[in-house]
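Per-entry structural report
The lines below spell out each chain.
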Amino acid sequence: MYFSNEDAARMREFLLRGGFLYVDDFWGPDQLGNFREQIEKVFPEYKLERLQLNHQLFHTFFDIDEILQPPNQRAGCNGGPTWEDDRDRDPVVFGISDEKGRLMVVATYNADLGDAWEYMDLPCYPAKFSGYAYRMGLNVMIYAMTH
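Described in the following lines is the structure provided in the data block. Note that the coordinates shown come from a computational prediction; the quantities given were computed from them, not determined experimentally.

Taken as a whole and judged by the stated rule, the model has 7 salt bridges. Taking the shortest distance from any N to any O, the salt bridge between R87 and D30 comes out at 2.8 Å. Within this pair, whereas R87 is found in the loop between α3 (73-78) and β3 (92-97), its partner D30 is found in helix α2 (residues 28-42), the two being separated by 57 residues in sequence. Note that R87 is salt-bridged to D85, the shortest N-O span being 2.7 Å. Using a relative accessible area of 53% as the deciding quantity, one classes R87 as exposed. The exposure class assigned to D85 is buried, which follows from its relative accessible area of 15%. The structure contains a network of salt bridges with shared partners spanning D30, D85 and R87.

Below is the structure:
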């Protein structure tokens with residue numbers, strides 16, 4: 001991901017006017033470092049922070065009490081590892097909030113919720129991950145529309 005100065009300024013204006021950015025499916029410290037670097041162009045004054053399970057995002061509609069790591073379709077269907085980079089295997093949900101505490105950015109890291117949504121109808125893809133991905137996705141959407 002790359003934000004030019006113009007891109008960063010437009011994203012900043014969008015988010016400060018009440019917009020919301022959700023980012024999914026990036027893996028390992030290199031991709032996290034890239035995301036941090038680019039989002040800091042948008043908000044140099046705010047930090048990307050790990051969201052704790054008591055955050056309202058995890059209880060907007062569904063109560064989510066565990067961060068799961070939905071794998072890509074290949075790993076999900078063949079029982080492979082759910083992580084992609086041995087240097088950092090833990091799934092995390094990150095966020096950036098404005099000065100009033102409203103989340104403007106949510107990023108699901110070391111997880112592939114998109115594949116869990118896309119492949120949930122495949123008999124080989126684990127229902128555990130698809131169910132979690134849908135619950136998490138609905139919480140994100142409802143949070144974004146109500147805050």
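Right, picking up where we left off after that structure.
This part is about the nonpolar core. Residues L15, F35, I39, V42, I96 and V105 are the most contacted members of the largest nonpolar core, which totals 21 residues. When contributions to this core are tallied by element, the ones reaching two or more residues are α1 (5-16), β1 (21-26), α2, β3 and β4 (103-109). Every residue in contact with F35, bar those within four places of it in the chain, is listed here: M1, V23, F26, L48, V105 and A107. If you look at the next biggest cluster of nonpolar residues, it comprises 19 residues, including L103, V106, V140 and Y143.

Over its 15 residues, α2 runs 22 Å from end to end, which matches the ideal 21 Å to within 8%, given 1.5 Å per residue. Residues G28, L32, F35, Q38, I39 and V42 constitute the buried set of α2. Seen along its axis, α2 keeps its buried residues to an arc of 135 degrees; they face one direction. Against the buried residues of α2 lie α1, β1, β3 and β4.

Attention shifts here to the side chain of Q38. As for its placement among the helices and strands, Q38 is situated in helix α2. Look at Q38 and you get buried, because its relative accessible area is 2%. Within the structure, the side chain of Q38 is placed 2.7 Å from the backbone nitrogen of F3, a separation counted as a polar contact. Here the side chain of Q38 touches K41 through a polar contact of 3.0 Å, side chain to side chain. Among all residues touching Q38, those that are not within four sequence positions of it are M1, Y2 and F3.

If you walk across this open sheet you meet the 4 strands as β1-β4-β3-β2, and the pairing is mixed. Two strands close off the open sheet at either side, each with one partner strand: β1 and β2 (49-50). Pairing of β1 with β4, which is carried by 5 bridges, proceeds in the parallel orientation. If you follow D24 over to β4, its bridge partner there is T108. Where α2 meets the sheet, it contacts β1, β3 and β4, and its direction lies at approximately 160 degrees from that of β1.

Attention shifts here to a nonpolar patch on the surface. A contiguous nonpolar patch, built from L138, M141 and M145 and spanning about 320 Å² of accessible area, is present on the exposed surface. Turning to its location among the elements, M141 is positioned in helix α5 (residues 127-146).

Moving on, we get to the pairing of β3. Most of β3 sits out of view: 5 of its 6 residues are buried. By the bridge criterion, 2 bridges tie β2 to β3 in an arrangement that is antiparallel. Note on β3: the bridge partner recorded for R50 is F94. In this structure, β3 lies alongside β4, joined through 6 bridges in antiparallel fashion. Among the inter-strand pairings, G95 is bridged to a residue of β4, identified as V106. Between β3 and β4, which pair antiparallel one after the other, the connecting turn spans 5 residues, and G101 there sits at a positive phi close to 95 degrees.

Cut-offs used in this document
- Sequence order as written defines residue numbering, which begins from 1 separately in each chain.
- Owing to the predicted nature of the model, reporting of local features is limited to residues with pLDDT of at least 70; listing and counting of side-chain atom pairs is limited to 80 or more, with chain, interface and lining totals taken over all residues.
- Based on all heavy atoms of the structure, the side-chain values leave hydrogens and waters out of the count.
- For salt bridges, the criterion is a side-chain nitrogen of Lys or Arg within 4 Å of an Asp or Glu carboxyl oxygen.
- Strands are runs of DSSP state E lasting at least two residues, helices are runs of H or I lasting at least four, and both sets are numbered from the N terminus onward.
- Burial classification: accessible surface area is computed with a 1.4 Å probe over protein chains only, and a residue below 20% of its type maximum counts as buried, one above 50% as exposed, and the rest as partly exposed.
- In this text, buried Ala, Val, Leu, Ile, Met, Phe, Trp, Tyr and Cys residues form a nonpolar core when linked through side-chain atoms within 4.5 Å.
- By definition, residues are in contact when any of their heavy atoms lie within 4.5 Å.
- Here the expected length of a helix is defined as 1.5 Å per residue gap, with one fewer gap than residues.
- Summarising the geometry, the arc corresponds to the directions from the helix axis toward the C-beta atoms.
- Polar contact is defined as a pair of N or O atoms within 3.5 Å, subject to the rule that within protein one atom must be able to donate a hydrogen and the other to accept it, and that residues adjacent in sequence are counted only when both atoms are side-chain atoms.
- The pairing criterion is simple: DSSP has to find at least two bridges between the two strands.
- Lines fitted to C-alpha atoms define the axes here, with helix axes fitted over just the stretch in contact, and angles between the N-to-C directions of these axes take values from 0 to 180 degrees.
- Candidate patch residues must exceed 30% relative accessible area and have no salt bridge, after which like charges are joined if within 9 Å and Val, Leu, Ile, Met, Phe, Trp or Tyr side chains if within 5 Å.
- Note on areas: Shrake-Rupley, 1.4 Å probe, and residue coverage restricted to the protein chains presented here.

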